[in-house]
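# Topology and contacts: notes
The primary structure of each chain is shown beneath.
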Amino acid sequence: MSPREQRLAIASYRSCASHVDAQLGRLLDALDATRLAASTAVVVHSDHGFSLGRHGRWSKYSLYEEAARVPMLIALPRTTRAYAVGEIVEAVD
């Protein structure tokens, strides 16, 4: 990829992430507005995304740390405790 194509790929990826963040914000705002937030579990899960040039890779196929971990957020009604799980788990399609 040329330097221009690399910049465009990174900008496009960040734009997509920003759009998803905005839509999730709209969903959470709607839950608040309809008073459903207190009785609704929210689960956000994703794959690891693209490498975007890290380690010289632009694809999704590697065993580097950032490719082996995926984000998952769970918000349950009436739960205020937050923690991270450090154990190895599997996310099967």
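Further up the page is the structure itself.
Let me sum up the structure you'll find in this document. Since this is a predicted model, take the numbers as computed values, not measurements.

### Considerations on the overall build of the chain
Of regular secondary structure, the chain possesses 2 helices and 2 strands. In summary, the chain has a C-alpha radius of gyration of 17 Å against a globular reference of 12 Å for 93 residues, an excess of more than 25%. Dimensions of the chain, computed from the C-alpha atoms along their principal axes, are close to 50 × 30 × 25 Å. Across the 93 residues of the chain, 9% fall into the buried class. Taking all contacts inside the chain whose residues are at least 6 apart in sequence as the whole, residues at least 24 apart take part in 58%. In the form shown here, the chain has an accessible surface area of approximately 8,100 Å², with 57% of it arising from carbon and sulfur atoms. Looking at the chain, you have 11 positive and 10 negative side-chain charges, and the mean spots of the two groups are 5 Å apart.

### With respect to the packing of aromatic side chains
Summed over all chains, the structure comprises 1 aromatic pair. Look at Tyr13 and Phe50: their rings are 6.4 Å apart centre to centre, the planes differ by 90°, and that puts the pair in the edge-to-face class. Of this pair, Tyr13 sits in helix H1 (residues 3-33) while Phe50 sits in the loop between strand S1 (42-45) and helix H2 (65-68); the two residues are 37 residues apart in sequence, bridging distant segments of the chain. A relative accessible area of 31% places Tyr13 in the partly exposed class. For Phe50, a relative accessible area of 39% gives the class partly exposed.

### Structural notes on unusual backbone geometry
Here the phi dihedral of His55 falls at roughly 60°; this positive angle occurs in a residue that is not glycine. Its location among the elements puts His55 in the loop between S1 and H2. Relative accessible area serves as the criterion here: at 44%, His55 is assigned to the partly exposed category. Even without being glycine, Arg78 reaches a positive phi, approximately 60°. Mapped onto the secondary structure, Arg78 falls in the segment after strand S2 (72-75).

Conventions used here
Residues numbered from 1 in each chain as written. Predicted model: local features only at pLDDT ≥ 70, side-chain atom pairs only at ≥ 80, totals over all residues. Heavy atoms only, no water. Helix = DSSP H or I, 4+ residues; strand = E, 2+ residues; numbered from the N terminus. Rg over C-alpha atoms; globule rule 2.2 N^0.38 Å. Buried < 20%, exposed > 50% of the residue type's maximum accessible area, 1.4 Å probe, protein only. Contact = heavy atoms within 4.5 Å. Areas by Shrake-Rupley, 256 points an atom, 1.4 Å probe, with all protein chains shown as cover. Lys, Arg positive; Asp, Glu negative; His and termini not counted. Charge placed at Lys NZ, Arg CZ, Asp CG, Glu CD. Phe/Tyr/Trp six-rings, centres within 6.5 Å; stacked < 30°, edge-to-face > 60°.

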